[in-house]
Amino acid sequence: MADDTGIILPDVLSILPLRDTVLLPQAVLPLAVGRPASVRLVDRAVVESPLIAVVTQRDPSIEEPTPADLFSVGTATVIHKMLKQPDGTLRLVVQGLARVRLGEIVQAQPFLRARVTPVAEAEPAVGDLEAEALTRNAVALFQKIVSLSPLIPDELASVAANLSDPGRLADVIAAALPALTTQVKQELLETADVKLRLQKLVTTLAKEVEVLELGSKIQSEVQSEMSKSQREYYLREQMKAIQKELGETDERTQEIAELRQKIEAVGMPEEARKEALRELDRLAKMPPAAAEYTVTRTYLDWLVALPWQTETTDQVEIAAARQVLDEDHWGLEKVKERILEYLAVKKIRPGGKDPILCFVGPPGVGKTSLGKSIARALGRKFVRISLGGMRDEAEIRGHRRTYIGALPGQIIQGLRRAESKNPVFMLDEIDKLGMDFRGDPASALLEALDPEQNAAFRDHYVDVPFDLSKVLFITTANILDPVLPALRDRMETVDLPGYSEEEKVAIARRHLIPKQAAEHGLTPGTDIEFTEDALRFLIHHHTREAGLRNLEREIATLCRKVARRRAEGDTALVTVTAEAVSDLLGAPKYLREELEERTRVPGVAVGLAWTPAGGDILFVEATRMKGGKTLTLTGQLGDVMKESAQAALSWVRSHAAELGIAPNFWETSDIHLHVPAGAIPKDGPSAGVTMVTALVSLLTERPVRPDTAMTGEITLSGRVLPVGGMKEKILAAKRAGVKAVFLPRRNEKHLKEEVPEAVRQSLTFHLVDSVDEVVDRAFSPPVLEGRFPQPLVGSPN
């Protein structure tokens, strides 16, 4: 039996399985033979006939393949050379002759033998242009691969160019490519159609050319970069040698000299200057690769970047400062007066110490924005850090330089950002400082906020004194109770109570509406306008706060709805009235408590309470049932408030006869006092008069006058003592629709100083010294027959 090349092949050939290797016709390939069956096969072939068939395994991991584990097409092969190794394996040099197809297996042991038939190749017709084009493409691509690949000898390009047989050319090129996978080579081996084989080969060659070109490009770039680095290193070394010959300094020496000049120029105090120069000398002796080099260099950079002598010039024109404060904030007269007093002292005595101010007030009253206005009025830089949730002392005083990634504290960092040693420095939310195992930040602030000590503030990282005496520190808090007493003692407290209704309307017109209209692309007066009734409706029914944040949000909501109308094509002016507010925002979020309805029943009195978010009204309800000598208190009352209830009951029992109450009511009754809302904790002594009034109303069966509220602490002797939070409580009463308010007479000063004139004129105030006066005026008809004079509306008596 002869194949297409004229080689006579026997009908039956021994089968040598190959792992992960494909032998193509015309190719010469070294093989390693180690399996026992394969060794026996080669030994017999050397003795009988060097012709065998090599066939690739489908799975190279199979140690003893069966006929089913082999591909159906292999290569008839002649063994040219065999060499036995000491370990029993064989080394062969074989050459592929022709494609053969496996047929019937005639022997399975000790090695495979099978009938084979030559695979007839379908040669292209003479003059086939497509075949000619494929042949030329294959040769050109192969030559390009040879030129790009260092693994293929250049002689193979000439061999391929001189081959005229397309089929043989395809086999030679495929056998010469080491990058072709076993699967691709097997597919080329099984392709009998020469033209189809050339097409597959050209596709593979084109892909290989792209990969090699990309690899060559990458290699060229890497080589170029390496050459550039080597060249720069060489030139740098030459430059050092030349500078050394000329007596010039190198780059590192120049860097040290620049740092020395900066240290001398920034005007450090003597202690800081000595420390900086000492660290600089250490840096000059350190190799740049040392671990401590970067630490020392960073430390010196911080030292020279701090504003040791840099400061801004204060704007001490009081009229100009007043104008700036008035432009930014409405009202807040007490705060503005304090700042103007500070400016006046600064103008007379420029070298005086700056105060430490603490703005205390509910959220949204403008504490933070007031700090910015003060900085603008003074012409100073403004720095703000938030202390809320801060628990690490190092956030204030910095980390020691021994720690990796150490940095100065927030105070030193803020001064570096401000580039001035006298900025307005705001410490926001000082009442929300935390404390854990890392230290107490509030204690760390004691030095910074003490005018007697902060002239030599020592940060742990900088570790040299820094003068903070010219910094105007302003802190903010909602309440002062959580603030450390020693820290509270170092600050001058300035209260910022909530805004009255008139103030809110004025602020909305001057600030909130123009700001929100501009943010939503609207022009006030052209696209949108608010009536005063609409603003008052918003304040009463959609916000209940001391500040302005919710009011601003509601105005923003209305502006968004108008902006949507304009985007949809409606460009008419929108006038926001009280009715329009309801249409645009929906049902009111808050409704005024029906005071008259709630107090119509005996046993209910209205008190006034202070909260961190401003003031609020408080209902005290009392009821009586059969029993004996039991007082029940509910509504999450604190210990102080419970004691006030006990004192109120004791006063009522001791004055039962003159109040017209049965003297033995306590022996036959249980009293229950409840203060809604039950989910909110309450405490403090200021509800004492309210509890007395509720008990007297219950036991005399007389309702309290409608639209009346009260506040004040009581004693067992019936005295009414002063309480705090006066402005917040009065504004809460005004918001709730109260018409008359009972206050301790000793709070008259606070009433006149803190409560706006317009609010005082709209309410009737009863200034009392004793519980008798409250009981006389709080009921209709009077319980004590009107022994005390009645006040005039708007004037406290």
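Further up the page is the structure itself.
Residues numbered from 1 in each chain as written. Predicted model: local features only at pLDDT ≥ 70, side-chain atom pairs only at ≥ 80, totals over all residues. Heavy atoms only, no water.

A.B. asks: Go over the overall build of the chain with me, naming the residues and quoting the values.
C.D. replies: In terms of helices and strands, the chain carries 29 helices and 24 strands. The C-alpha radius of gyration computed for the chain amounts to 49 Å, which surpasses the reference 28 Å derived for 797 residues by more than 25%, pointing to a less compact arrangement than a globule. Based on the C-alpha atoms only, the size of the chain along its principal axes is roughly 145 × 85 × 65 Å. Residues classed as buried in the chain amount to 48% of the 797 residues present. Excluding contacts between residues fewer than 6 apart, the proportion of contacts in the chain whose partners are at least 24 apart in sequence is 72%. As displayed, the chain has an accessible area near 38,700 Å², and 52% of this comes from carbon and sulfur atoms. Of the charged side chains in the chain, 100 are positive and 114 negative; the average position of the first set lies 3 Å away from that of the second. (Helix = DSSP H or I, 4+ residues; strand = E, 2+ residues; numbered from the N terminus. Rg over C-alpha atoms; globule rule 2.2 N^0.38 Å. Buried < 20%, exposed > 50% of the residue type's maximum accessible area, 1.4 Å probe, protein only. Contact = heavy atoms within 4.5 Å. Areas by Shrake-Rupley, 256 points an atom, 1.4 Å probe, with all protein chains shown as cover. Lys, Arg positive; Asp, Glu negative; His and termini not counted. Charge placed at Lys NZ, Arg CZ, Asp CG, Glu CD.)

A.B. asks: Give me the lowdown on the environment of S469, citing residues and values where you can.
C.D. replies: Examined against the element boundaries, S469 turns out to sit in the loop between β11 (465-466) and β12 (472-477). C-alpha of S469 to C-alpha of A291: the two residues are 178 residues apart in sequence and 37 Å apart in space. For S469, the residues in contact, after removing those within four places along its chain, are D354, N454 and A455. Within the structure, S469 has its side chain in polar contact with the side chain of D467 (distance 2.6 Å). (Polar contact = N/O pair within 3.5 Å; in protein donor to acceptor, adjacent residues only side chain to side chain.)

A.B. asks: Outline the nonpolar core, supporting the account with residue identities and numerical values.
C.D. replies: A general tendency of soluble globular proteins is for nonpolar side chains to be buried together. Counting 55 residues, the largest nonpolar core has I430 and L445 as its most contacted members. With residues near it in sequence (within four places) discarded, L445 still touches L387, I396, I411, L427, I430, L433 and L487. (Core = buried A, V, L, I, M, F, W, Y, C linked by side-chain atoms within 4.5 Å.)

A.B. asks: How would you explain unusual backbone geometry if you had to name every residue and give the values?
C.D. replies: Positive phi values are uncommon outside glycine, yet D20 reaches one of about 55°. By the secondary structure assignment, D20 is in the loop between β1 (12-18) and β2 (28-33). Its relative accessible area of 52% is what places D20 among the exposed residues. With phi around 60°, D707 is a residue other than glycine that occupies positive phi space. The exposure class of D707 is partly exposed, given its relative accessible area of 24%.

A.B. asks: I'd like to hear about the pattern of salt bridges, residue by residue, with values.
C.D. replies: Enumeration according to the criterion identifies 33 salt bridges in this entry. Of the charged contacts, one joins E337 and R322 as a salt bridge, the two residues approaching to 3.3 Å between their closest N and O atoms. With a gap of 15 residues between them, E337 in helix α11 (residues 333-348) and R322 in helix α10 (residues 318-328) connect regions that are remote in the sequence. On the basis of relative accessible area, E337 is assigned to the partly exposed category, the value being 37%. Taken together, the shared-partner salt bridges connect E275, R278, E279, R282, E292 and R401 into one network. (Salt bridge = Lys/Arg side-chain N within 4 Å of Asp/Glu carboxyl O.)

A.B. asks: Please give an account of a nonpolar patch on the surface that cites residues and values.
C.D. replies: Residues L214, I218 and V222 make up a contiguous nonpolar surface patch of about 260 Å² in total accessible area. Summarising the element assignment, I218 is placed in helix α6 (residues 194-246). (Patch = residues over 30% accessible without salt bridge, like charges linked within 9 Å, V, L, I, M, F, W, Y side chains within 5 Å.)

A.B. asks: So what about the pairing of strand β9 (residues 424-428)? Which residues, and what values?
C.D. replies: Buried residues dominate β9, accounting for five of its five residues. Here β9 shows a buried face lined by V424, M426 and D428 and a second buried face lined by F425 and L427. With four bridges connecting them, β9 and β12 associate as parallel partners. Residue L427 lies in a different strand from β12, and its bridge partner there is T475. (Pairing = 2+ DSSP bridges.)

A.B. asks: Lay out the packing of aromatic side chains in plain terms, naming residues and giving numbers.
C.D. replies: Tallied over the full model, the rule gives three aromatic pairs. Look at Y299 and Y461: their rings are 5.9 Å apart centre to centre, the planes differ by 65°, and that puts the pair in the edge-to-face class. In this pair, Y299 sits in helix α9 (residues 291-305) while Y461 sits in the loop between β10 (457-458) and β11, placing the two residues 162 residues apart along the sequence. Among the residues examined, Y299 registers a relative accessible area of 1% and is labelled buried. For Y461, a relative accessible area of 3% gives the class buried. Judged by centre distance (5.5 Å) and plane angle (40°), the ring pair of F425 and F473 falls under tilted. You can see F425 sitting in strand β9 and its partner F473 sitting in strand β12, a full 48 residues away along the chain. Exposure class is identical for F425 and F473. Each is buried. (Phe/Tyr/Trp six-rings, centres within 6.5 Å; stacked < 30°, edge-to-face > 60°.)

A.B. asks: Help me get a handle on the sheet that holds strand β13 (residues 492-495), residues and values and all.
C.D. replies: Strands sit in the order β8-β9-β12-β7-β13 across an open sheet of five strands; the sheet is parallel. What marks the edges here is a single partner per strand, and that holds for β8 (382-386) and β13. Averaged over all pairs of adjacent strands, the angle between their axes in this sheet comes to 20°, without regard to strand direction. Strand direction decides the pairing type here: β8 and β9, joined by five bridges, are parallel. Bridging from a neighbouring strand, R384 pairs with M426 of β9. Packed onto the sheet, α11 meets β7 (356-360), β12 and β13 and runs at close to 170° relative to β7. (Axes fitted to C-alpha atoms, helices over the stretch in contact; angles between N-to-C directions.)

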